[in-house]
Amino acid sequence: EFRRVLFRSLTSHGSLQDAHDLMARFSISGVPIVEDDGRLVGIITNRDLQFETDLTRPISAVMTSENLVTVPVGTTLDEAQVILHEHRIEKLPVVDGAGHLRGLITVKDIFKRRLYPNACKDEHGRLRVGAAIGASESDLERAERLVDAGVDILVVDTAHGHSQGVLDAVARVRRGFPDVQLVGG
């Protein structure tokens, strides 16, 4: 679950328990709410759940759905910081022209940028992700799953980087995934 899952969301017909469980599982304080087609319709935060006693109620009963502050795809973190401050909010949904949720910028993103200014990020400001695979032929399946998930670099990892088996593994990965960054050793 690398790039494919940049943010978590729920649908409006889910329960408050679903929202509570998701926020607890991923240690997050809010979740965008979407329709089945991915169109943003609201947001629910810890503040919305704080005094709720009946977690069987639908999310739609307590989510914020009116006057949602959103930004278009392509908004920079600097632009988002101004909007977050101006509206005194902590989460800023990113939507496309049709209103489909495409991302979420949070105050935490801004703080992390300040704390880790030299973090290795891609052109979209996302942390780069590397993952190791072994040198056996069966590791190609793992490589495929990692590439599908959006990994930035694969490492053929072994204790004996100079062996023919590693050279063969690097060649297999290169043939199967010509566009992925690759390290062997």
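The structure under discussion appears in the preceding block.
The paragraphs below set out a description of the structure included in this document. Since the structure is predicted, the reported quantities are computational estimates derived from the model, not experimental observations.

**Side note on helix α5 (residues 139–149)**
Thought 1: Within α5, the full set of buried residues consists of Asp 139, Ala 143, Leu 146 and Ala 149. Buried residues of α5, viewed axially, fall in a sector of 125 degrees; they line one side. Within α5, the exposed residues directed more than 90 degrees away from the buried face are Glu 141 and Asp 148.
Thought 2: Against the buried residues of α5 lie β7 (130–133) and β8 (153–156).
Thought 3: Phi turns positive, to about 100 degrees, at Gly 150, one or two residues after α5.

**What to know about the packing of helix α3 (residues 77–87) against helix α4 (residues 107–115)**
Thought 1: Running from N to C, α3 and α4 cross one another at 130 degrees; their axes reach a closest spacing of 10 Å. By the angle between their axes, α3 is oblique relative to α4. Relative to α4, α3 is oriented so that their crossing is left-handed. For the pair α3 and α4, the contacting residues are Leu 77, Asp 78, Gln 81 and Leu 84 in the first and Val 107, Asp 109, Ile 110, Arg 113 and Arg 114 in the second.

**A short note on the nonpolar core**
One broad rule of soluble globular proteins: the nonpolar side chains tend to lie buried together.
Thought 1: If you look at the biggest cluster of nonpolar residues, it comprises 14 residues, and the most contacted ones within it are Ile 133, Leu 146, Val 151, Leu 154, Val 156 and Val 173.
Thought 2: Residue assignment for this core shows that the elements contributing at least two residues are β7, α5, β8 and α6 (164–176).
Thought 3: When residues no more than four places from it in sequence are discounted, the contact partners of Val 156 are Ile 133, Gly 134, Ala 135, Val 166, Ala 169, Val 170, Val 173, Leu 182, Val 183, Gly 184 and Gly 185.
Thought 4: Residues Leu 10, Ala 19, Leu 22 and Leu 49 belong to the second largest nonpolar core, which totals 13 residues.

**Re the environment of Gly 150**
Thought 1: Note on placement: Gly 150 falls in the loop between α5 and β8.
Thought 2: Among the residues examined, Gly 150 registers a relative accessible area of 18% and is labelled buried.

**Remarks on the pattern of salt bridges**
Thought 1: For the structure on display, the rule yields five salt bridges.
Thought 2: Measuring nitrogen to oxygen at the nearest pair gives 2.8 Å for the salt bridge that ties Arg 57 to Glu 52.
Thought 3: Residue Arg 57 is classed as partly exposed on the basis of its relative accessible area, which comes to 29%.
Thought 4: Relative accessible area serves as the criterion here: at 23%, Glu 52 is assigned to the partly exposed category.
Thought 5: Across the pair Asp 78 and Arg 113 runs a salt bridge whose closest N-O atoms are separated by 2.8 Å. With Asp 78 in helix α3 and Arg 113 in helix α4, the pair connects residues that are 35 residues apart, well separated along the chain.
Thought 6: Judged by its relative accessible area of 48%, Asp 78 falls in the partly exposed class.

**Some remarks on the sheet that holds β8**
Thought 1: Reading across from one edge, β7-β8-β9 is the order of the three strands in this open sheet, with parallel pairing throughout. The open sheet is flanked by β7 and β9 (181–184), the only strands paired with a single partner. For this sheet, the mean inter-axis angle between neighbouring strands, taken without regard to orientation, is 25 degrees.
Thought 2: Direction of pairing for β7 relative to β8: parallel, over a ladder of four bridges. Note on β8: the bridge partner recorded for Ile 133 is Val 156.
Thought 3: Of the strands in this sheet, β7 and β8 are in contact with α5, which crosses β7 at around 170 degrees.

Conventions we followed
Residues numbered from 1 in each chain as written. Predicted model: local features only at pLDDT ≥ 70, side-chain atom pairs only at ≥ 80, totals over all residues. Heavy atoms only, no water. Buried < 20%, exposed > 50% of the residue type's maximum accessible area, 1.4 Å probe, protein only. Helix = DSSP H or I, 4+ residues; strand = E, 2+ residues; numbered from the N terminus. Arc of directions from axis to C-beta. Contact = heavy atoms within 4.5 Å. Axes fitted to C-alpha atoms, helices over the stretch in contact; angles between N-to-C directions. Parallel < 35°, antiparallel > 145°, perpendicular 65-115°, else oblique. Left-handed = near helix turned anticlockwise from the far one by under 90°. Core = buried A, V, L, I, M, F, W, Y, C linked by side-chain atoms within 4.5 Å. Salt bridge = Lys/Arg side-chain N within 4 Å of Asp/Glu carboxyl O. Pairing = 2+ DSSP bridges.

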